Amino acid sequence: MKQHYALLLFLGLLLRGSLLSAQVLLEPVVDSIPMRDGKWLAADIYHPADCDSCPTLLIQTPYNRKIHRIGLPIGIGKDVDNMPFHVVIVDWRGFWGSLAAWKLSPNRGEDGYDVVEWIASQSWSDGCVGSWGPSALGGVQLSTIREHPPHLVCAIPEVAEPQFAYNEYYPGGVYRQEYGEQLDALGFNLSGILLANPTYNLLWSTTEAATFYPEEIDIPIFMVGGWYDHNIENSLRFFSALQTEAPNEVKDLHTFLIGPWVHGGNGPAHLGSVNQGELSYPLAGNWKDSLEWMFLRQYLLGDSTEWEQHDPIIFYQMGEHYWDGLSTWPPVASSEIWYLQADSSMSMTTETNGALSFAYDPRDPSPTHGGTTLRFDQVQGPYDQRDTVENRSDILLFSSPVLSRPVRVQGQISLNLYVSSDRPDTDIAVRLTNVYPDGRSMILTDDIHRMRFREGFRAADTMNMVPGQVYEVSLTLADIAHTFMPGHRIRLGITSSNYPKYALNLNNGGPMYVEGDTLIATNTIHTGGSQASRMIVPTVMAVGIGAEEISLAPPLKIYPNPARETIWITPESAVVQLPTLYEVRLFDLNGRIVRHQQVNRFPFPMTIDELPPAIYMMELRGENQVLRSKLVKR
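Residues numbered from 1 in each chain as written. Predicted model: local features only at pLDDT ≥ 70, side-chain atom pairs only at ≥ 80, totals over all residues. Heavy atoms only, no water.

Visitor: Mind laying out the overall build of the protein, listing which residues take part and the relevant values?
Guide: A tally of helices and strands in the protein yields 10 helices and 33 strands. Expected size for 634 residues packed as a compact globule is a radius of gyration near 26 Å; at 26 Å, the protein falls within 12% of this value. Dimensions along the principal axes, computed over C-alpha positions, put the protein at roughly 75 × 70 × 50 Å. Of all 634 residues assigned to the protein, the portion counted as buried reaches 61%. Considering only contacts in the protein between residues 6 or more positions apart, those separated by 24 or more positions represent 76%. Total accessible area on the protein stands at roughly 23800 Å², and carbon and sulfur atoms take up 50% of it. Computing the positive centroid from 45 side-chain charges and the negative centroid from 71, the protein places the two 2 Å apart. (Helix = DSSP H or I, 4+ residues; strand = E, 2+ residues; numbered from the N terminus. Rg over C-alpha atoms; globule rule 2.2 N^0.38 Å. Buried < 20%, exposed > 50% of the residue type's maximum accessible area, 1.4 Å probe, protein only. Contact = heavy atoms within 4.5 Å. Areas by Shrake-Rupley, 256 points an atom, 1.4 Å probe, with all protein chains shown as cover. Lys, Arg positive; Asp, Glu negative; His and termini not counted. Charge placed at Lys NZ, Arg CZ, Asp CG, Glu CD.)

Visitor: Describe in detail the sheet that holds strand S31 (residues 604-607), supporting the description with residues and values.
Guide: On the basis of which strands lie adjacent, the open sheet formed by three strands has the order S27-S28-S31 and antiparallel pairing. At either end of the open sheet lies a strand with only one pairing partner, and these are strand S27 (557-559) and S31. In this sheet, adjacent strand axes meet at a mean angle of 30 degrees when their direction is disregarded. One ladder, built from four bridges, connects strand S28 (residues 566-570) with S31; its direction is antiparallel. Looking at the pairing, threonine 566 lines up with threonine 607 of S31. (Pairing = 2+ DSSP bridges. Axes fitted to C-alpha atoms, helices over the stretch in contact; angles between N-to-C directions.)

Visitor: Got a sec to walk through the packing of aromatic side chains? Specific residues and values, please.
Guide: The geometry of two aromatic rings is summed up by the distance between their centres and the angle between their planes. Counted under the stated rule, the structure contains 28 aromatic pairs. Measuring from centroid to centroid gives 5.9 Å for tyrosine 175 and tyrosine 513, while their planes differ by 65 degrees, and the two rings are edge-to-face. Of this pair, tyrosine 175 sits in the loop between helix H4 (166-169) and helix H5 (177-185) while tyrosine 513 is found in the loop between strand S23 (489-495) and strand S24 (521-527), placing the two residues 338 residues apart along the sequence. Overall, tyrosine 513 belongs to the partly exposed group, its relative accessible area being 25%. Geometrically, the ring pair formed by tyrosine 316 and tryptophan 323 is edge-to-face, given 5.2 Å between the ring centres and 80 degrees between the ring planes. One exposure class covers both tyrosine 316 and tryptophan 323, and it is buried. Among the aromatic residues, ring-to-ring pairing joins Phe164, Tyr166, Tyr169, Tyr170, Tyr175, Tyr179, Tyr200, Trp204, Phe453, Phe457 and Tyr513 into one connected group. Sitting over the face of the ring of tyrosine 436, arginine 440 holds its NZ or CZ atom 4.1 Å from the ring centroid. (Phe/Tyr/Trp six-rings, centres within 6.5 Å; stacked < 30°, edge-to-face > 60°. Lys NZ or Arg CZ within 6 Å of the ring centre and 35° of its normal.)

Visitor: Run through the state of the cysteines, naming residues and quoting values.
Guide: Defined simply, a disulfide is a covalent bond joining two cysteines at their sulfur atoms. Tallying each qualifying case throughout the model produces one disulfide. The residue that forms a disulfide with cysteine 51 is cysteine 54, at a sulfur-sulfur distance of 1.2 Å. The disulfide joining cysteine 51 to cysteine 54 has a torsion of about 135 degrees about its S-S bond and is therefore right-handed. Per residue, the accessibility class of cysteine 51 equals that of cysteine 54, and both read buried. Here cysteine 128 stays free of any disulfide, with the sulfur of cysteine 154 as its closest cysteine sulfur at 8.9 Å. (Disulfide = S-S within 2.5 Å.)

Visitor: Quick rundown of the nonpolar core? Include the residues and the values.
Guide: Grouped together as the largest cluster of nonpolar side chains are 129 residues, with contacts concentrated most on Val87, Leu291, Leu417 and Ile494. Top element by residues in this core is helix H9 (residues 287-299). It accounts for seven residues. Residues within four places of isoleucine 494 in sequence aside, it is in contact with Leu340, Phe358, Asp394, Ile395, Leu396, Phe398, Leu417, Ile428, Ala429, Val430 and Ile525. (Core = buried A, V, L, I, M, F, W, Y, C linked by side-chain atoms within 4.5 Å.)

Visitor: Explain the pattern of salt bridges to me, and be specific about the residues and the numbers.
Guide: What the rule picks out here adds up to 30 salt bridges. Between arginine 405 and glutamate 336 there is a salt bridge; the shortest N-O distance is 3.0 Å. One end of the pair, arginine 405, is in the loop between strand S16 (396-399) and strand S17 (407-411); the other, glutamate 336, is in strand S13 (residues 334-340), with 69 residues separating them in the sequence. Since its relative accessible area comes to 31%, arginine 405 is described here as partly exposed. Since its relative accessible area comes to 12%, glutamate 336 is described here as buried. Arginine 595 is the partner of glutamate 610 in a salt bridge, and the nearest nitrogen-oxygen pair spans 1.9 Å. On the criterion of sequence distance, the pair formed by glutamate 610 in the loop between S31 and strand S32 (614-621) and arginine 595 in strand S30 (residues 593-599) is long-range, its members being 15 residues apart. Judged by its relative accessible area of 18%, arginine 595 falls in the buried class. Sharing partners across several salt bridges, the network here consists of Asp37, Arg93, Lys103 and Asp111. (Salt bridge = Lys/Arg side-chain N within 4 Å of Asp/Glu carboxyl O.)

Visitor: Could you give me a rundown of helix H8 (residues 232-245), with the residues and numbers involved?
Guide: The first and last C-alpha atoms of H8 sit 20 Å apart over 14 residues, in line with the 20 Å expected at 1.5 Å per residue. Among the residues of H8, Ile232, Asn234, Ser235, Leu236, Phe238, Phe239, Ala241, Leu242 and Gln243 are the ones counted as buried. On its buried side, H8 packs onto helix H3 (136-146), H4, strand S7 (222-228), strand S8 (255-262) and strand S11 (313-317). (Expected span 1.5 Å × (residues − 1).)

Visitor: Give me unusual backbone geometry: which residues, what numbers.
Guide: For the bond running from tyrosine 499 to proline 500, omega is 15 degrees, close enough to zero to count as cis. On the secondary structure map, proline 500 appears in the loop between S23 and S24. With a phi angle near 50 degrees, tryptophan 96 is a residue other than glycine that sits in the positive phi range. Relative to the elements of secondary structure, tryptophan 96 occurs in the loop between strand S4 (86-91) and helix H2 (108-120). Even without being a glycine, tyrosine 513 presents a positive backbone phi close to 65 degrees.

Visitor: Which residues make up the side chain of lysine 501, and what values go with them?
Guide: Secondary-structure assignment places lysine 501 in the loop between S23 and S24. Within the structure, lysine 501 has its side chain in polar contact with the side chain of threonine 372 (distance 2.6 Å). Not counting the four nearest positions on each side in its chain, lysine 501 is found in contact with Tyr175, Arg176, Gln177, Glu178, Thr368, Thr372 and Asp446. (Polar contact = N/O pair within 3.5 Å; in protein donor to acceptor, adjacent residues only side chain to side chain.)

What follows is the structure in structure tokens.
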């Protein structure tokens, strides 16, 4: 089975000792659940007060169920008695309390089936089971759904999709070293298999086909992802397949929430939290938990009052800082072509031929700093690249002019680069950043491509470079929703390494990932004329967005919030000028305006009793600024 997302296991290992010696904050009922082969899985069970027959939320984890005794997820914390459902947390077979149930190559979907049906048979259960969990805890949910347990009614797999795919471990044909080393350090020992199959072969095609099964997902699922998740591209592809290949009765019931979030927790960055890397997204805080509760109330509790109709994909537009909805991804977009210029600029017109070169030394590689990382010793999310990456001599930086208009990107940015080298093989590594007016160059996404794989990733496709000959190579960055705002610049950094995220190219053209000569390569990016290296940017219209600043701190104040009937809205007095006329708009999850009025005094009331219970975005717009905040209607 695919062993995704090792970071949480590493955290589990670190926490185990301190957890066992610390005060236990939650006291579960400890039980053992029988499997079909006669083995038993350890389980912690939390029962709410005065609930003789309630539904159940199931969590299956390889990261030690006892960690959850500190507090339960999705905002439950320690408030067990007021939960509307039981919570059952089970250690995977062969892990922690279920270590004695170990067997070679277990079918974790079958184990999940047995757990679900055992829960449904208990006197305290009403027979309805939902599931929740991130990473590996999300992947096992999909494996369980595939076995079709009759009493599993819904699932919330976060930052997870089921496929064991070549491009996850070898993006652009380059081994993801930090990922493989992390898995090995945790005892999964996958690197031997991965490194023995560095090209796309029968093993990969067979495994990919066997682990991609949207047609088997026969219950509503609520996927959660992040624009800084390392696997957002594959998650979106799986969700798109769900919309067309899942059974007819559920294909329109799936939802995908995508925020400005990383995959896991490292430093300040957590899935669903406000702080991500060196940036903060106050308007993204608590949306994940709020929407997950609405989903569970709809499908697990049978309360349809809060799960208002919305588009299947709910996503956060970074830069402009708002939530929007789409029926499918990617949206229909126009293409802006930004040409790389010999003076290190980018413009939307090409010019005569030019070339820029840099030296790449595998003994002194360009370091990984933020982005879609996983390893515990690597920071995750948006980080300023100036000091660590851009101040080095082994990078070419191409920057747009200061923007006078917004550039709203939704989808995958692609690159067509014309490359030559004085070595038979090398890598082209790119980083896309958003350059702020104060000079910060915050990473958005990155990609890499090994030049020997410019014609494809099968062994028969590979070929070395002829030194000095120019080759065209294409790269496709991961999906993103980001608006480059007026006053900012778009920047593309090109190096030949991004280490330790990606394994190093020794530049010698020989066997990969073995000891060998380490050569310094002089690599050249060609511009202009018939060798016009360029970036193709999918853009959608930015309606009504000018040069005004989006104010995130302090956000617009709404009280009470959550609310049922009447709310009062006020900004901080320091950011408004009365009696200026302000425009107030209330948006639903699809980006539709459901309230619109003009005001010139604060605080002011708004009646919302006739609105359906849901999450909304409130916007206060003035001449040179926009303030936004979240409203929860109960």
